[in-house]
Amino acid sequence: MTNKFITNLKMRRSIRAYKEEMPPRDSIERIIEAGTYAPNGLGKQSAIIIAVTNKEIRDKMSRLNAAILGSSADPFYGAPVVLTVLADKSVPTYVYDGSLVMGNMLNAAHSEGLGACWIHRAKEMFEREEGKELLKSLDISDDYEGIGNCIIGYSSDEELPYPRPRKKNYVYRID
């Protein structure tokens, strides 16, 4: 008998090509909910999630992220949904907390039959004036630092990549 949860973890892949089609709202909400149940230091729940399905805002965030790279290409690979995780810098575990939120959402997206990928540069996005303005428009203080962008959507590839073998010496056992 196989464990569906473990199989989901093993089969999830970072997807870098998406269809324009918007995933169902209930799937997006379950992915977000999974993020809110990530483990966090001392139960502080330092992370927050900005859920972007508005194409205009999504495209604005894409341009902001691309500018950090000095590129004009879409760093969100056409994904219609961006779930940006930020975390309160005053909490000592904020980077770990936000990273676990990202991990939960990536795995939840796969369990929903959707593709997902962690896109970096969220920190730099919200250090720029345009990013600060977006946070201000949402009444989010500058106590928050960007952790990552979780892009979500339907993969445009028919077949998902198969997992690579795990590296040697991944685990050291002390029995």
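Residues numbered from 1 in each chain as written. Predicted model: local features only at pLDDT ≥ 70, side-chain atom pairs only at ≥ 80, totals over all residues. Heavy atoms only, no water.

K.L.:
So, the pairing of strand β2 (residues 81-88): which residues are in play, and what are the values?
P.N.:
A large share of β2 lies buried, amounting to eight of its eight residues. Of the pairings in the sheet, the one linking β2 to strand β4 (residues 144-153) comprises eight bridges and is antiparallel in character. Among the inter-strand pairings, Thr84 is bridged to a residue of β4, identified as Asn149. (Buried < 20%, exposed > 50% of the residue type's maximum accessible area, 1.4 Å probe, protein only. Helix = DSSP H or I, 4+ residues; strand = E, 2+ residues; numbered from the N terminus. Pairing = 2+ DSSP bridges.)

K.L.:
Before we move on, can you summarise the environment of Ala51 with the specific residues and values?
P.N.:
Turning to its location among the elements, Ala51 is positioned in strand β1 (residues 47-52). Those residues within four positions of Ala51 in sequence are excluded, and the remaining contacts are Ile32, Val82 and Leu83. (Contact = heavy atoms within 4.5 Å.)

K.L.:
Please give an account of the layout of surface pockets that cites residues and values.
P.N.:
To locate leftover empty space, one rolls a probe as large as a water molecule over the atoms. By volume, the largest pocket amounts to about 360 Å³. Considering the residues around the largest pocket, the lining is formed by Ile6, Leu9, Lys10, Arg12, Arg13, Pro161, Tyr162, Pro163, Arg164, Pro165 and Arg166. Residue composition of the lining of the largest pocket, by class: six nonpolar, no polar and five charged. (1 Å grid on protein atoms, 1.4 Å probe; cavity = no way out; pocket = protein on both sides within 12 Å on 5 of 7 lines; lining within 4 Å. Points joined across faces, edges and corners; volume = space filled by probe spheres on them. Nonpolar A, V, L, I, M, F, W, Y, C, P; charged D, E, K, R; others polar.)

K.L.:
Which residues make up the packing of aromatic side chains, and what values do they have?
P.N.:
Under the criterion given, the structure shown has zero aromatic pairs. The side chain of Lys167 reaches across the aromatic face of Tyr170, ending 4.9 Å from its centre. (Phe/Tyr/Trp six-rings, centres within 6.5 Å; stacked < 30°, edge-to-face > 60°. Lys NZ or Arg CZ within 6 Å of the ring centre and 35° of its normal.)

K.L.:
Any chance you could break down the nonpolar core for me, citing the residues and the numbers?
P.N.:
For soluble globular proteins, the rule of thumb is that nonpolar side chains tend to be buried together. Ile31, Leu83, Val85, Met105, Cys150 and Ile152 are the most contacted members of the largest nonpolar core, which has 22 residues in total. For Ile152, the residues in contact, after removing those within four places along its chain, are Tyr18, Pro23, Ile31, Ala79, Pro80, Val81, Leu83, Ala109, Leu114, Gly115 and Ala116. With 18 residues, the next largest nonpolar core counts Ile15, Ala79, Ile119 and Ile151 among its residues. (Core = buried A, V, L, I, M, F, W, Y, C linked by side-chain atoms within 4.5 Å.)

K.L.:
Which residues make up empty space enclosed by the protein, and what are the values?
P.N.:
This structure, assessed with the given rule, holds one cavity of 30 Å³ or more. The space that makes up the largest cavity amounts to roughly 50 Å³. Surrounding the largest cavity, Lys60, Met61, Leu64, Met125, Phe126, Glu130, Gly131 and Leu134 form its lining. Among the secondary structure elements, those contributing two or more residues to the lining of the largest cavity are α3 (55-69) and α6 (129-137). Class assignment for the residues of the lining of the largest cavity results in five nonpolar, one polar and two charged.

K.L.:
Provide a residue-level description of the state of the cysteines, including the pertinent values.
P.N.:
With the rule as written, the count across this model stands at zero disulfides. Left unpaired, Cys117 is separated from the closest cysteine sulfur, that of Cys150, by 8.5 Å. Taking relative accessible area as the criterion, Cys150 reaches 0% and is therefore assigned buried. (Disulfide = S-S within 2.5 Å.)

K.L.:
Break down unusual backbone geometry for me, citing the residues and quoting the values.
P.N.:
Of note in this structure, Gln45 is not a glycine but carries a positive phi near 50 degrees. Inspection of the secondary structure puts Gln45 in the loop between α2 (25-36) and β1. Unusually for a residue other than glycine, Tyr77 sits at a positive phi of about 55 degrees. Relative to the helices and strands, Tyr77 is located in the loop between α3 and β2.

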